[in-house]
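# Topology and contacts: notes
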Amino acid sequence: MKADIHPDYHPVIFQDMTSGKRYLTRSTATSANKETIDGVEYYVISMGVTADTHPFYTGKSTFVDTEGRIDKFQKRFGAVRRAKKPSLG
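Because the structure is predicted, anything quoted here is derived from the model rather than measured.

For the rest of this paragraph, the subject is the overall build of the protein. Broken down by element type, the protein carries two helices and four strands. Helices (α) and strands (β) of the protein occur, in sequence order from the N terminus, as β-β-β-β-α-α. Of the contacts made within the protein by residues no fewer than 6 positions apart, 40% connect residues no fewer than 24 positions apart. Accessible surface for the protein amounts to roughly 8200 Å². Of this, 53% is attributable to carbon and sulfur atoms.

Among the secondary structure elements, Arg26 is positioned in strand 2 (residues 22–27). Along the backbone, Arg26 and Tyr9 are 17 residues apart, and their C-alpha atoms lie at a distance of 6.1 Å. In this structure, Arg26 is in contact with Tyr9, His10, Pro11 and Val12, ignoring residues within four places of it in sequence.

Let's shift gears to the pattern of salt bridges. For the structure shown, the criterion picks out two salt bridges. With a shortest N-O distance of 2.8 Å, Arg22 and Glu35 are connected by a salt bridge. Remark: Glu35 occurs in strand 3 (residues 34–37) and Arg22 occurs in strand 2; sequence separation between them is 13 residues. Overall, the relative accessible area of 35% leaves Arg22 in the partly exposed class. Glu41 is paired through a salt bridge with Lys34; the nearest N and O atoms lie 3.8 Å apart. The class for Lys34 is partly exposed, based on a relative accessible area of 46%.

What follows concerns the pairing of strand 1 (residues 10–16). Pairing geometry for strand 1 and strand 2, over six bridges, is antiparallel. For His10, the partnering residue across the bridge sits in strand 2 and is Ser27. Turn length for the strand 1-strand 2 hairpin, with the two strands adjacent in sequence and antiparallel, is five residues, and the turn residue Gly20 shows positive phi of about 85°. Strand direction decides the pairing type here: strand 1 and strand 4 (residues 40–47), joined by five bridges, are parallel. Bridged to Asp16 within strand 4 is Met47.

Okay, the sheet that holds strand 2 next. Ordered by their spatial adjacency, four strands build an open sheet running 2-1-4-3, and the pairing between neighbours is mixed. Where the open sheet ends on each side, the last strands, each with one partner, are strand 2 and strand 3. Mean inter-strand twist for the sheet, computed between neighbouring axes without regard to direction, equals 40°. Looking at chain direction, strand 3 and strand 4 are connected through four bridges and run antiparallel. Each residue of the ladder has a partner; that of Thr36, found in strand 4, is Glu41.

Rules used in this analysis
- Residues numbered from 1 in each chain as written.
- Predicted model: local features only at pLDDT ≥ 70, side-chain atom pairs only at ≥ 80, totals over all residues.
- Heavy atoms only, no water.
- Helix = DSSP H or I, 4+ residues; strand = E, 2+ residues; numbered from the N terminus.
- Contact = heavy atoms within 4.5 Å.
- Areas by Shrake-Rupley, 256 points an atom, 1.4 Å probe, with all protein chains shown as cover.
- Salt bridge = Lys/Arg side-chain N within 4 Å of Asp/Glu carboxyl O.
- Buried < 20%, exposed > 50% of the residue type's maximum accessible area, 1.4 Å probe, protein only.
- Pairing = 2+ DSSP bridges.
- Axes fitted to C-alpha atoms, helices over the stretch in contact; angles between N-to-C directions.

Worth remembering: the numbers are spatial, not functional.
Written out as structure tokens, the structure reads:
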């Protein structure tokens, strides 16, 4: 292996913000938050979605209120009209 071309791997804790489950692993990612477990210092990285809460892995689907999103969009941008195409003649 060539020297000085490989990234530095660090002990890391990926923590699911929803469920609180934690995954101890190694990664090149770092953060300002650190925690010591069994004498090893880990970087703590909070994740919005992990395998613990992802719908694909849990089998639970979430309902997305698309109608509310459309109404919200229409309220914000409904009055704005598209510019007409310039005529060439």
